[in-house]
Amino acid sequence: VQSPAQMVSALASVWQSVAQQMASGTISPQVAQIADGLVREQDLFVVPGSAERRQIIEASRPFLKEGTQIAAQIQPSSPTAPAMMDGNGVDEFLLIRGQAGSPSERVPRRFLEALSTNKAPTTPKGSGRLELARHITDPANPLTARVMVNRVWHHLFGRGMVPSVDNFGVLGLPPSHPELLDHLALRFQNEQGWSVKKLIREIVLSKTYQMSSAPGDKKAEEADPENILLHRANVKRLQGEAIRDAVLAISGRLDPKIGGPPVPVHLTPFMDGRGRPSSGPLDGEGRRSIYLSVRRNFLQPMLLTFDMPIPFTSMGKRNVSNVPAQSLILMNDPFIIGQTKLWATNLAALTEPKERVRQMYLMAFGRSPAQAELDAALSFVTEQSQLLGTDVNNEAVWADLGHVLINVKEFIYLR
């Protein structure tokens, strides 16, 4: 190309060739992008109302229709959580006695003075969120790592080294093992790269975590009756979500799939009120409890009975109660009854009663039954079959035995 006129002619030849390919319905991969640009930006190439423009419109119509159909089939999904775009930070005014109508001088933004190594106020150009994150995870700030380690310890042992997991201030309780807390916090921050998985692995592989909860040394019990110093393990009750998941696991209904949309909560006739949503399936489609939808006014009764917090604010330490309603839920809830029937159905292939009892104990408690437990279970099955007037292999009989095992304290408590 030696002149603007030749450039125009060459481009016109290219567009015409592409338009002819479109009209014939055969576009080579080499010119697909050119054709796409020709269709989408027609005003740049062809005079409106001209014969060439009409030719491009007619040729592009089937391609645009097919493109719309393909686009409609795309299911957009993203593993990234939605967030606000970074904006400009704004310094607030000091409010005299907390009154919004009595502002004083403007106070520059900065990190908490009690945790900041930089005494001078810092005013970043943007919103300051990135600087805040760096301040929080700064090695000079030991609080973040300590709080995280203490919360992991609390969930594993049932009690944090600092019992007031939400309060590390002067009104909180002092740590039972301050040197250990600092040691784990430093390792978590510097050597483990803030990896919660590595922290959990280190703790659960320790001899302290693997101890039995059975009372041992009499002197230790007298010196430390509340087991603050961990001379044995603490008996822990499972959280409501874990109990529900355990029931689904032994029945064979648990869906281990990761991710997906939330499942609506099953609504009983008593769960009524303003904004009542549509009810979900009784078993939550077998999904883990973490995937159950959370509606503040319509929370699942079983989880509430086992101390699931009301979702109005964060809670580092849940209440752990032992009330009659928990036993009533395990005895009468339709979800529990339905899962025990499914459990019995899945065990029907085991025709030997002793082997079936052993399998149920392994699934429910992670151990084989003692001889006394085996004899008691076989006696129960025999008596229950006579009571129901049916054969000992009837699924209803074994569903009742499964219901009994779920109501054993060992099913919801870790020893």
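Here's a quick rundown of the structure. (Residues numbered from 1 in each chain as written. Predicted model: local features only at pLDDT ≥ 70, side-chain atom pairs only at ≥ 80, totals over all residues. Heavy atoms only, no water.)

**Here we look at the pattern of salt bridges**
Once their charged atoms are close, side chains differing in charge can pair, the charge on each being opposite to the other.
Stage number 1. With the rule as written, the count across this model stands at 14 salt bridges.
Stage number 2. When the shortest N-O distance is used, the salt bridge between Arg232 and Glu221 registers 2.7 Å. Taken together, the residues Arg232 in the loop between α8 (218–223) and β3 (236–237) and Glu221 in helix α8 connect sequence positions 11 residues apart. Summarising the burial analysis for this pair, Arg232 and Glu221 share the class buried.
Stage number 3. Here Glu241 and Arg318 are joined by a salt bridge, their closest N and O atoms 2.9 Å apart. (Salt bridge = Lys/Arg side-chain N within 4 Å of Asp/Glu carboxyl O. Helix = DSSP H or I, 4+ residues; strand = E, 2+ residues; numbered from the N terminus. Buried < 20%, exposed > 50% of the residue type's maximum accessible area, 1.4 Å probe, protein only.)

**Digging into the packing of helix α1 (residues 4–24) against helix α2 (residues 32–40)**
Stage number 1. Two numbers describe how α1 lies on α2: the axes approach to 10 Å, and their chain directions differ by 95°. As judged from the angle between their axes, α1 and α2 are roughly perpendicular. Contacts between α1 and α2 involve Val14, Trp15, Val18, Ala19 and Met22 on the former and, on the latter, Ile34, Ala35, Leu38 and Val39.
Stage number 2. Residues that form the contact of α1 with α2 fall into these classes: nine nonpolar, no polar and no charged. (Axes fitted to C-alpha atoms, helices over the stretch in contact; angles between N-to-C directions. Parallel < 35°, antiparallel > 145°, perpendicular 65-115°, else oblique. Contact = heavy atoms within 4.5 Å. Nonpolar A, V, L, I, M, F, W, Y, C, P; charged D, E, K, R; others polar.)

**Examining α2**
Note that an α-helix has 3.6 residues per turn; residues three or four places apart therefore point the same way.
Stage number 1. Among the residues making up α2, those that are buried are Ala35, Leu38 and Val39. Relative to the axis of α2, the buried residues are bounded by an arc of 95° and lie together on one face. Counted as exposed and oriented over 90 degrees from the buried face of α2: Gln33 and Arg40.
Stage number 2. Close packing links the buried residues of α2 with α1 and α3 (51–73). (Arc of directions from axis to C-beta.)

**Describing the nonpolar core**
Stage number 1. Within the largest apolar cluster, 32 residues are counted, with the highest numbers of intra-cluster contacts made by Trp343, Val357, Trp398, Ile406 and Phe411.
Stage number 2. Those elements giving two or more residues to this core turn out to be α9 (240–251), α11 (324–332), α12 (334–346), α13 (353–365), α14 (371–388), α15 (395–406) and α16 (409–412).
Stage number 3. Top contributing element to this core by residue count: α15, with six residues.
Stage number 4. Setting aside its immediate chain neighbours within four residues, Phe411 contacts Leu238, Ile243, Ala246, Val247, Ile250, Ala364, Phe365, Leu405 and Ile406.
Stage number 5. Formed by 15 residues, the second largest nonpolar core is a distinct cluster that contains Met161, Ala185, Phe188 and Ile203. (Core = buried A, V, L, I, M, F, W, Y, C linked by side-chain atoms within 4.5 Å.)

**Considering the packing of aromatic side chains**
Stage number 1. Tallied over the entire structure, the rule returns four aromatic pairs.
Stage number 2. Both rings, one in Trp153 and one in Phe157, keep their centres 4.2 Å apart while their planes meet at 20°; by these two values the pair is stacked. On the criterion of helical spacing, the pair formed by Trp153 and Phe157 is a turn pair, its members being four residues apart in helix α5 (residues 143–157). The same class applies to Trp153 and to Phe157, which are both buried.
Stage number 3. Ring centres 5.3 Å apart and planes at 70° place the aromatic pair Tyr361 and Phe365 in the edge-to-face group. One end of the pair is Tyr361 and the other is Phe365, both in helix α13 and four residues apart, which spans about a single turn.
Stage number 4. For Tyr361, a relative accessible area of 8% puts it in the buried group.
Stage number 5. Take Phe365: its relative accessible area is 14%, and that puts it in the buried class.
Stage number 6. An aromatic cluster is present here, built from Trp153, Phe157 and Tyr209 joined pairwise through their rings. (Phe/Tyr/Trp six-rings, centres within 6.5 Å; stacked < 30°, edge-to-face > 60°.)

**Quick word on the side chain of Thr340**
Stage number 1. Among the structural elements, Thr340 can be located in helix α12.
Stage number 2. With a relative accessible area of 3%, Thr340 lands in the buried category.
Stage number 3. Within the structure, Thr340 has its side chain in polar contact with the backbone oxygen of Ile337 (distance 2.6 Å).
Stage number 4. For Thr340, the contacting residues outside a window of four places in its chain are Ala399, Gly402, His403 and Ile406. (Polar contact = N/O pair within 3.5 Å; in protein donor to acceptor, adjacent residues only side chain to side chain.)

**Remarks on unusual backbone geometry**
Stage number 1. Even without being a glycine, Asn227 presents a positive backbone phi close to 60°.
Stage number 2. Inspection of the secondary structure assignment puts Asn227 in the loop between α8 and β3.
Stage number 3. With a phi angle near 60°, Glu285 is a residue other than glycine that sits in the positive phi range.
Stage number 4. Along the chain, the position of Glu285 falls in the loop between α9 and α10 (301–305).
Stage number 5. The class of Glu285 is partly exposed, set by a relative accessible area of 43%.

These values are about where atoms sit, not about what they do.
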